[in-house]
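Observations on the three-dimensional arrangement
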Amino acid sequence: MRQLTYYVGATLDGFIAGPDGQFDFFPCEGDLAAALLAEYPETVPAHGRGPLGLDGVANQRFDTVLMGRAAYEPALAAGVTSPYPHLRQYVLSRSLARLDPEVEVVSADPVAFVRDLKRQDGAGIWLCGGAALAGRLLAEIDELVIKRYPVVIGSGIPLFEAPFLPSRFTLTDSRVFNTGATITTYAAPETSTRMQFRSTTASDLDRVTAVTVDEPVGWIAADRYLEELKEGMYRPEWTWIAEDGGGRIVARALWWGRASSEHPVALDCLHVDPSVGDRAAVAAELVSAGLRAFAEQGATRLPLYNVTLPNGWRDDPAVAAALAWRQDAALAAGLTDQVERLRLEWTPDAGLPASSGRLTFTEGTDEEFFDVFLRIAVGSLDGETRRNVATMGAEAAARDEVDFYLGCPGERSWWRLARTPDGQVAGLALPSATPYNRNVGYLGVVPELRGRGYVDDILAEITRVQVEAGAELITATTDTDNAPMAAAFARAGYRTAQTRMIYSVPEGAEPVQAPAS
């Protein structure tokens, strides 16, 4: 196997370049310069080889160089499209077009690409940078060669941009030069002890379904996973695992989506084996790897993480502990927007909620429902509605809601507009369904008519429609922060069945730093 070496210069405070990518402050002179030219001549770009007497000098260690777009940009700025013609050159970028026949632009997953590259014949592979690409490839780096210069710059581009996950390297060599610089070499952990994070293939199915969770949080059993795998709601590429050096699965993340979804909607099962020392760190890396992949595949709305908990979970130390490391992992992966949501249930023994008769319910067109969605979004206490409006704008959020419920298993004929006796629209009632249960779907009152108790009449109508359609269990959800809605459900006989903690990427934020592109 070929080795991947991250050979790079850095300041005393750990930066490989200034905030704008500048690196002209590195003093390369004297005995340090002589050592670098003798031992790493192939790392000198083409325009510098002649002046330094390197024309015709053979490569010593590397025959291949990997660059992120940021590492390639200085050459492009100087009008050079092939900075290392004496090496096989790859630029890993999702958006850059190929500019030179000698430089291959790779848009594939960097980890998979490097693993394949290592299996090919050849000499060493030089990871030139930058920090984001080095962070993505951290688990693949076999050797670090750090040229440490006696300079402090205060801020800039770090050696690595990656989620928090301590990785121990072993010092193998260290030299000090007259200039005060050092070259320090570190070896990565042996391959047998490294952890790999990846999506699954069909051949992994038996091992994936053999994973069981013995903690008091919601998880996905094998029979449900297999059933929904057939329906396309779980998929191998949405199922991610962490393997130790021996190939044992030590962590599993199951992302779920609708059968028609191009990208997953939610992570609803995350587990790390208790034998792992830092479960939160491994889980964070696993979640980050999945989110990065989904972003690279074009997902504009990254999936949330949904943890199901029993009622009264705060008073149960075992449940609190099971949530604690999962929450730490979610936050470390950038899912820092937190919402606590109640899952509610209505069953016939609660009796049909009474209606005051003040509202009438009529059918409506999709555009009429869109208009009411748009009005209801104003001042809504629902956390998801607020996030959608903040992220997409009110009109796009309302359109998204209409499209979502049109795609749900419920019947479109169930939808109703709520009207006052004079015909004024008071709100809407959208009985719906999931693949598992009938549910309340969506209800709301327009801002100017809130506070008049109309929400009780709308909820009573939704419950009536579902019961007449044969439902013996109706589910619903609401945020704990939305106290008026929670109170309305309680008055209608809906009981709290469980609690869900939901973690998502905040507006305008990225869950992890993707490679430069």
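Heads up: the structure comes first, above all this text.
Residues numbered from 1 in each chain as written. Predicted model: local features only at pLDDT ≥ 70, side-chain atom pairs only at ≥ 80, totals over all residues. Heavy atoms only, no water.

**What to know about empty space enclosed by the protein**
Inspection of the entire model under this criterion finds 3 cavities of 30 Å³ or more. Estimates place the volume of the second largest cavity at around 70 Å³. Listing elements by their share of the lining of the second largest cavity, those giving two or more residues are α11 (383-392) and α12 (394-406). Considering every element that reaches the lining of the second largest cavity, the biggest residue donor is α12, with 4 residues. Broken down by class, the residue content of the lining of the second largest cavity amounts to 7 nonpolar, 2 polar and 1 charged. (1 Å grid on protein atoms, 1.4 Å probe; cavity = no way out; pocket = protein on both sides within 12 Å on 5 of 7 lines; lining within 4 Å. Points joined across faces, edges and corners; volume = space filled by probe spheres on them. Helix = DSSP H or I, 4+ residues; strand = E, 2+ residues; numbered from the N terminus. Nonpolar A, V, L, I, M, F, W, Y, C, P; charged D, E, K, R; others polar.)

**A few points about unusual backbone geometry**
Look at the link from G129 to G130: it is a cis peptide, with omega at 5°. Along the chain, G130 turns up in the loop between β6 (124-129) and α5 (131-136).

**Focus on the state of the cysteines**
In this structure the tally under the stated criterion is 0 disulfides. Lacking any disulfide linkage, C128 is separated from the closest cysteine sulfur, that of C28, by 14 Å. Looking at C128, the relative accessible area reads 18%, which means it is buried. (Disulfide = S-S within 2.5 Å. Buried < 20%, exposed > 50% of the residue type's maximum accessible area, 1.4 Å probe, protein only.)

**So, the sheet that holds strand β21 (residues 474-479)**
Taken together, 12 strands build an open sheet; the order of strands is β11-β12-β13-β14-β15-β22-β16-β21-β20-β19-β18-β17 and the sheet is mixed. Here the strands that pair on one side only, and so sit at the sheet edges, are β11 (196-199) and β17 (360-362). For this sheet the average axis-to-axis angle between neighbouring strands, irrespective of direction, equals 30°. As defined by bridge partners, strand β16 (residues 337-346) adjoins β21 across 6 bridges and the pair is classed as antiparallel. (Pairing = 2+ DSSP bridges. Axes fitted to C-alpha atoms, helices over the stretch in contact; angles between N-to-C directions.)

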